[in-house]
Each structure stands twice: as C-alpha cells, then as structure tokens.
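Observations on the model geometry
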Amino acid sequence: MSGERQTCTYCVMDTSDADITFDASGRCHYCTEMAAQRGVTWFDDDAGLPLLNAQLEAIKKEGKGKDFDCILGLSGGADSSYLALKAHDWGLRPLVVHVDAGWNSELAVANIQRILEYTGWDLHTHVINWEDMRELQIAYLRSGVANQDVPQDHAFFAALYKFASDNGVRTVLSGGNNATEGIFPTSWHGAAMDAINLKAIHERFGTQPLQDYPVVGFGKYYVWYPFIKRMSPVRLLNFIEYDKAKAMVELQEREECIIPEVEPQILPEAVRAAGGTSDARPLDTVDPPRVSDHSGWLTADPDSGYAPATSDNSSQDSHFHRFVPCRSAPRTPGGQGHAAGKETPRP
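Residues numbered from 1 in each chain as written. Predicted model: local features only at pLDDT ≥ 70, side-chain atom pairs only at ≥ 80, totals over all residues. Heavy atoms only, no water.

Side note on the overall build of the protein chain
In terms of helices and strands, the protein chain carries 11 helices and nine strands. Intrachain contacts of the protein chain at a sequence separation of at least 6 include 75% that bridge at least 24 residues. (Helix = DSSP H or I, 4+ residues; strand = E, 2+ residues; numbered from the N terminus. Contact = heavy atoms within 4.5 Å.)

A short note on the confidence of the model for the protein chain
Averaged over every residue, the pLDDT of the protein chain is 78; the share at 70 or more is 72%. Here residues 321-347 scores under 50 on pLDDT; set against residues more than four positions off or in separate chains, the count is 105 contacts. (pLDDT = per-residue confidence, 0-100.)

Here's the deal with the pairing of strand E3 (residues 123-127)
E3 sits mainly inside the fold: five of its five residues count as buried. Of the two faces of E3, the one lined by Leu123, Thr125 and Val127 and the one lined by His124 and His126 are each fully buried. Summarising the sheet, strand E2 (residues 94-100) and E3 pair through four bridges and their orientation is parallel. Bridge pairing links histidine 98 to threonine 125 in E3. Assessed by its sense of winding, the connection that carries the chain from E2 through helix H4 (residues 106-119) to E3 is right-handed. (Buried < 20%, exposed > 50% of the residue type's maximum accessible area, 1.4 Å probe, protein only. Pairing = 2+ DSSP bridges. Right-handed = clockwise from strand over helix to strand, strands pointing away.)

Section: the nonpolar core
Ranked by internal contacts, the top residues of the largest apolar core, which has 30 residues, are Ile71, Val97, Ile128, Met133 and Tyr213. Mapped onto this core, the elements with two or more residues apiece are E2, helix H5 (130-143), helix H6 (150-166), helix H8 (195-205) and helix H9 (218-228). Per-element tally for this core: the top contributor is H6, with eight residues. Excluding anything up to four places from it in sequence, tyrosine 213 contacts Ile128, Asp132, Met133, Leu136, Val150, Pro151, His154, Ala155 and Leu198. Core analysis: the second largest hydrophobic core is formed by 29 residues, Ile59, Leu85, Val96 and Phe239 among them. (Core = buried A, V, L, I, M, F, W, Y, C linked by side-chain atoms within 4.5 Å.)

A closer look at a negative patch on the surface
Together, Asp45, Asp46, Glu241 and Asp243 make up a negatively charged patch on the protein surface. For aspartate 45, the position within the fold is in the loop between helix H1 (29-37) and helix H2 (49-62). Overall, the relative accessible area of 37% leaves aspartate 45 in the partly exposed class. (Patch = residues over 30% accessible without salt bridge, like charges linked within 9 Å, V, L, I, M, F, W, Y side chains within 5 Å. Areas by Shrake-Rupley, 256 points an atom, 1.4 Å probe, with all protein chains shown as cover. Salt bridge = Lys/Arg side-chain N within 4 Å of Asp/Glu carboxyl O. Lys, Arg positive; Asp, Glu negative; His and termini not counted. Charge placed at Lys NZ, Arg CZ, Asp CG, Glu CD.)

Remarks on the packing of H5 against H6
Closest axis-to-axis distance for the H5/H6 pair is 9 Å, and the angle between their directions is 135°. Relative to H6, the element H5 is oriented oblique. Across the interface between the two elements, Met133, Leu136, Gln137 and Tyr140 of H5 pack against Val150, Pro151, Gln152 and Ala155 of H6. For the contact of H5 with H6, the residue count by class is six nonpolar, two polar and no charged. (Axes fitted to C-alpha atoms, helices over the stretch in contact; angles between N-to-C directions. Parallel < 35°, antiparallel > 145°, perpendicular 65-115°, else oblique. Nonpolar A, V, L, I, M, F, W, Y, C, P; charged D, E, K, R; others polar.)

Some thoughts on H8
Taken as a whole, H8 has its buried residues at Ala195, Leu198, Ile201 and His202. Along H8, the residues classed as buried sweep out an arc of 130° about the axis, all on the same side. Every exposed residue of H8 that faces more than 90 degrees away from the buried side is listed here: Ile196, Glu203 and Arg204. Where H8 is buried, its residues meet H5 and H6. For H8, the capping residue at the N-terminal end is aspartate 194, with a side-chain oxygen 3.2 Å from the backbone nitrogen of isoleucine 196. (Arc of directions from axis to C-beta. Polar contact = N/O pair within 3.5 Å; in protein donor to acceptor, adjacent residues only side chain to side chain.)

Some remarks on the environment of arginine 27
Among the secondary structure elements, arginine 27 is positioned in the segment before H1. Through-space distance from the C-alpha of arginine 27 to that of methionine 13 is 9.4 Å; in sequence the pair is 14 residues apart. Discounting chain neighbours no more than four positions away, the residues touching arginine 27 are Cys8, Thr9, Tyr10, Thr21, Phe22 and Thr32.

Comments concerning H2
Each full turn of the α-helix corresponds to 3.6 residues, which orients residues three or four apart in the same direction. The end-to-end C-alpha distance of H2, which contains 14 residues, comes to 20 Å, matching closely the 20 Å that a straight helix rising 1.5 Å per residue would cover. Taken together, the buried positions of H2 are Leu52, Leu56 and Ile59. The buried residues of H2 all sit within an arc of 60° when viewed along its axis, so they share a single face. Those residues of H2 that are exposed and angled more than 90 degrees off the buried face are Pro50, Glu57 and Lys61. (Expected span 1.5 Å × (residues − 1).)

Points about the pattern of salt bridges
Counted under the stated rule, the structure contains 11 salt bridges. As a salt-bridge pair, arginine 5 and aspartate 14 come within 3.0 Å of each other at their nearest N and O atoms. Of the charged contacts, one joins aspartate 79 and lysine 244 as a salt bridge, the two residues approaching to 3.5 Å between their closest N and O atoms. Linking aspartate 79 in helix H3 (residues 78-89) with lysine 244 in helix H10 (residues 244-255), this pair joins segments that are 165 residues apart in sequence.

A short note on a nonpolar patch on the surface
A surface patch of nonpolar side chains, about 670 Å² in accessible area, is lined by Phe218, Tyr222, Val223, Trp224, Phe227 and Ile228. Considering the arrangement of structural elements, one finds tryptophan 224 in helix H9. Taking the relative accessible area as the measure of exposure, tryptophan 224 reaches 40% and is therefore partly exposed.

What to know about the environment of methionine 248
As for its position among the elements, methionine 248 is in helix H10. In this structure the C-alpha to C-alpha distance between methionine 248 and glycine 77, which are 171 residues apart in sequence, comes to 9.8 Å.

Remarks on the side chain of asparagine 238
Tracing the backbone through its elements, the reader meets asparagine 238 in the loop between strand E5 (232-234) and H10. Excluding anything up to four places from it in sequence, asparagine 238 contacts Thr41, Trp42, Phe43, Asn177 and Asn178.

So, in structure tokens, the structure goes:
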C-alpha cells in the first residue's frame, strides 16, 4: 500500500488502519463484509423474524422448569434497555444483572430503575472493587493502547458469565448488534477477553497488585463455558429491524426512560477534561461515585426506590446483592437514586 492516504468511498475508514483493503470501487473490506452479512447474520427488515421466533422458542424450552431462562446484563444504555423491553414483550424470564465498575452515569441509573419498574424484574448488582478498577484503568491509560474499554469490558463479562454459571443459566442475552456497532478495526484493539494481555499491561504499567478484580482465562471463557457448561451468547437485536433513534423514542414513550442522545464515554470528567480545562484532576484523585460499606456491597438507600430482597435463592457470591423494586416508593427524579444504592455527588 502506498504512503498516500486513501479513504473508503462509502464510510469514513481510511489507511490509518494498517489492515484495511479496498475493492475496485474504493469501498473498504469492512463495508463489503458488513453488506455480505446483511440478511444472513443480521437483518434490517422482517426477514429475520422466523429466526427470532425459533431462537425465542429454544430459549424458553431450555429454561423450562427453571427460575430463569436467560441472563441479561443491564447497563442502562440504549441497547441493553431496549433489549430488556423487548425481552419482556417476548415473554422471557431473565436473570437481570448490573455490573457496577464505578462509571455509572445518573442517566443510566435512572434508566435501570425505570426498566425494573416497568418489567417487575429483580436486579442483581455486582460491584467491582473500585481500587482495582482505578488501578487497572490507570495502567491502560499509561500503556497507550487504543482500546481503553478493556478494564470494564473484561470485568463485565467475567462477572456476568460466572453469575450465569453459578445459577445454571445457559443463554446470555447481549445487546450487541451489527446495526449500530458492527465494525471495529482489529488492528486498533486487543480482545477484551485476553486475560494474558490484560495481566501483562497491568504488570508493566500498574503500581500495586489487584485484590479481587474478576479475571476469566482463555480456557474458561472459550472452552469451559461454551462446551462444558453449554453457555452461549445470543444477539436478539440482530434478528429485528433495530434503529437506535427509534428505540430511544419507544423507550421514552413506554417507560419514560431518559436515554441520552449520545451515550457518554466510560471515562470520568477528570480524564475527558485532561486536555484543556483548568479544573481537571488526575484519575487517581477521583473518588468512587457510589456509597458502599466495608464489604464492597452497595447499600440500599430508602430514597432510591429499591431495597434488599428478604430472601435470595441466587448465588452466594459475596460481591452480588439482589435488589427488588419498592412499588410504593416514588420515582427519584434526575437519577438521584441508585438502582442498587445511592450515588454520592462527584467531587
């Protein structure tokens, strides 16, 4: 490839990606591969409905006689919130889990609360040790690697799959979809589930040992879970015409969820502002945005509209806690209440 920059004639990708190739018309291989998968692995019309119905039938059959037929990671963003809404419409009975890595926005918290009120589902929250998350995120910032989402993404999937396995759930519902997030250059990031790479980055750029950050190795994630435990991720949004803008309108109409027009990045204000504002502070001076007791569990706040369940048949993992909607409690405006505890104001 010559040194002259070339840009795809269809999208914005260019030769800043070392692996990019172009066809005779100047269209990049990402666009041609995506087009080839349309109508095969993802659909933007009703052609995917037979596959959706078959998948739903299989999920319900697998979960028959169990407390749950699938597990759903609920972040409070548009994709997972809309998937939760549709899962409720489709009659699924998910084990709903929220993994709190310390970056929750007030909008996400408010969305989670309203989703739970609408569906009547219980919420199980897993709290990642804030000191571990801060330590690992700083290591990734120092490393300069492109994919800065790895510290939270790895923790999310490690915690989610462990909880699903502990509760005998085999189907993992994912809000991932080709319509809105189908392309990401492989040369720009490493796999989020590469535990060897994660540990190597922390060993080189970290400053202190991780205490109980959830790590899942290659064998467990790629062999134990899919082949021994027979667990599998399912992207149901790929089988329907998924338009994020329309999805947010439907969420607002049906649940009064406050979905942001542009979902915020995971990095806190202090990191995003590091390039210019006078009040920017280093990441290691930012306090965890939540109230927790000495055990690391989020504490239920009476103003949040949620309270600890009186009984729990789920896993006894010390980092998980179950919260159920308090139907008599009023909704907390502006996201001030936490779906599993109350956020403290950012410093």
